[in-house]
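Each chain, letter by letter, is given below.
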Amino acid sequence: GGLTLGAFVNSDEGASALAGAVLEVPFVDVVTGMSDPSLPLTVHEFAEWGDPREAVHEENMRSMSPYENVGPHPYPKLYLSCARADAR
C-alpha cells in the first residue's frame, strides 16, 4: 500500500484528490531497499521487481519509486511513521 499511495500523492491529480493520507512504515525507497541483498526477501523479489544492478531494472524502479519522484505540487496532509528495525 505505501508504494502505491506514495506514487499516487506524487502526482498532481492524486495529491489534489486527497485531503490526507496515512503511510505507516511504507516501502517508498524502492531502489535502496532492492539494492541490499542482505535484507530479508530482497533476492526473492528480483523475479517480480527485477535486479537494480541491471540498468533497465534500476530505471524502472526509479520511475515508480516515491522517494525519487517527490514533486513541487501541493501535497495533502500526510501522516508518516517509520521503524528503526523494520525488516519487511
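Everything discussed here concerns the structure shown above.
Keep in mind that what you see is a predicted model, and the values were worked out from it rather than measured.

Colleague: Could you give an account of the environment of L18, with specific residues and numbers?
Modeller: Following the sequence through the fold, L18 ends up in the loop between α2 (12–17) and β1 (20–24). For the pair L18 and L78, spaced 60 residues apart in the sequence, the C-alpha separation amounts to 10.0 Å. Each residue touching L18, except ones within four places of it in the same chain, is listed here: L5, F8, V9 and P76.

Colleague: Describe in detail the packing of aromatic side chains, supporting the description with residues and values.
Modeller: For the structure on display, the rule yields one aromatic pair. Arranged with centres 5.7 Å apart and planes meeting at 85°, the rings of F27 and W49 form a pair that is edge-to-face. Of this pair, F27 sits in the loop between β1 and α3 (30–34) while W49 sits in helix α4 (residues 42–49), placing them 22 residues apart in sequence. By relative accessible area, which is 17% here, W49 ends up buried.

Calculation notes
- Residues numbered from 1 in each chain as written.
- Predicted model: local features only at pLDDT ≥ 70, side-chain atom pairs only at ≥ 80, totals over all residues.
- Heavy atoms only, no water.
- Helix = DSSP H or I, 4+ residues; strand = E, 2+ residues; numbered from the N terminus.
- Contact = heavy atoms within 4.5 Å.
- Phe/Tyr/Trp six-rings, centres within 6.5 Å; stacked < 30°, edge-to-face > 60°.
- Buried < 20%, exposed > 50% of the residue type's maximum accessible area, 1.4 Å probe, protein only.

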